[in-house]
Amino acid sequence: MADKEKAPATYSTSNKDSEEKSESSAEENGHVGIGEELIVGKVAFKVNSIEEVNEISASDGFMKYEPDAAGAVFLTVNVTVRNDGTEMINTDSSFFKLISSNGAEYSSSTVIVADDKYFTYEGINPGLALTGNVVFEVPPGLVGLNLQVQTGFWGTETGIINLN
């Protein structure tokens, strides 16, 4: 009977170890929500807000953008990116991707405006943060979205922020 008693204990310990590994994997994969900070490599990302709009205009009113596709809207995601490294990093809207619950992926739209509300190719020095908007052209009322963030042009380090 001593052998039978040991077997469940060993099995239980193995389960605990695998549970701990899966929990740490979830933390490493970075599933956080709006208002929570996600660390990817030496960069911190935080989604501050999201908004669905029909058009985007510069603060000076001279430039206006509307979605290219009929019936589409812009989903504007306000993000803060902080450089926790020791060298300047570059980031722009192409470092962000929307992924819907059905697996559809949406690339960011390029919006060049006369103010600094939108991420274009920006340098962020160590210890500093930059807040701006990333814009996606999507169908109206889209739900079940995650924002994939990455560091660097090759996207070697990525994380997910839940937008629900």
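1. Observations regarding the pattern of salt bridges
No. 1: Using the criterion set out here, one finds four salt bridges in the structure.
No. 2: Across the pair Arg-82 and Glu-37 runs a salt bridge whose closest N-O atoms are separated by 2.6 Å. In this pair, Arg-82 sits in strand S6 (residues 73-83) while Glu-37 sits in strand S2 (residues 37-40), placing the two residues 45 residues apart along the sequence.
No. 3: Glu-55 is the partner of Lys-64 in a salt bridge, and the nearest nitrogen-oxygen pair spans 3.8 Å.
No. 4: The network of salt bridges with shared partners includes Glu-37, Arg-82 and Asp-84.

2. Some words on the packing of aromatic side chains
No. 1: For the structure on display, the rule yields one aromatic pair.
No. 2: Taken together, a centroid distance of 6.0 Å and an interplanar angle of 90 degrees make the contact between Phe-45 and Phe-96 edge-to-face. With Phe-45 in strand S3 (residues 43-53) and Phe-96 in strand S8 (residues 96-100), the pair connects residues that are 51 residues apart, well separated along the chain.
No. 3: Accessibility expressed as a relative area gives 1% for Phe-45, which makes it buried.

3. Remarks on the pairing of S3
No. 1: Both S2 and S3 contribute to a ladder of four bridges, which runs antiparallel. In the strand pairing of S3, Leu-38 is matched with Phe-45.
No. 2: The hairpin turn running from S2 into S3, its antiparallel successor, is two residues long, and Gly-41 in that turn takes a positive phi close to 65 degrees.
No. 3: The sheet contact formed by S3 and S6 spans 10 bridges and is antiparallel. By the bridge assignment, Val-47 is partnered in S6 with Val-79.

4. Examining the sheet that holds strand S11 (residues 129-138)
No. 1: Taken together, the nine strands give an open sheet; going across it, the order is S1-S13-S12-S8-S9-S11-S6-S3-S2, and neighbouring strands pair in mixed fashion. Of all strands in the sheet, those bounded by a partner on one side alone are strand S1 (31-33) and S2. The mean angle between the axes of side-by-side strands here comes to 35 degrees, regardless of whether they run parallel or antiparallel.

Cut-off values and rules
Residues numbered from 1 in each chain as written. Predicted model: local features only at pLDDT ≥ 70, side-chain atom pairs only at ≥ 80, totals over all residues. Heavy atoms only, no water. Salt bridge = Lys/Arg side-chain N within 4 Å of Asp/Glu carboxyl O. Helix = DSSP H or I, 4+ residues; strand = E, 2+ residues; numbered from the N terminus. Phe/Tyr/Trp six-rings, centres within 6.5 Å; stacked < 30°, edge-to-face > 60°. Buried < 20%, exposed > 50% of the residue type's maximum accessible area, 1.4 Å probe, protein only. Pairing = 2+ DSSP bridges. Axes fitted to C-alpha atoms, helices over the stretch in contact; angles between N-to-C directions.

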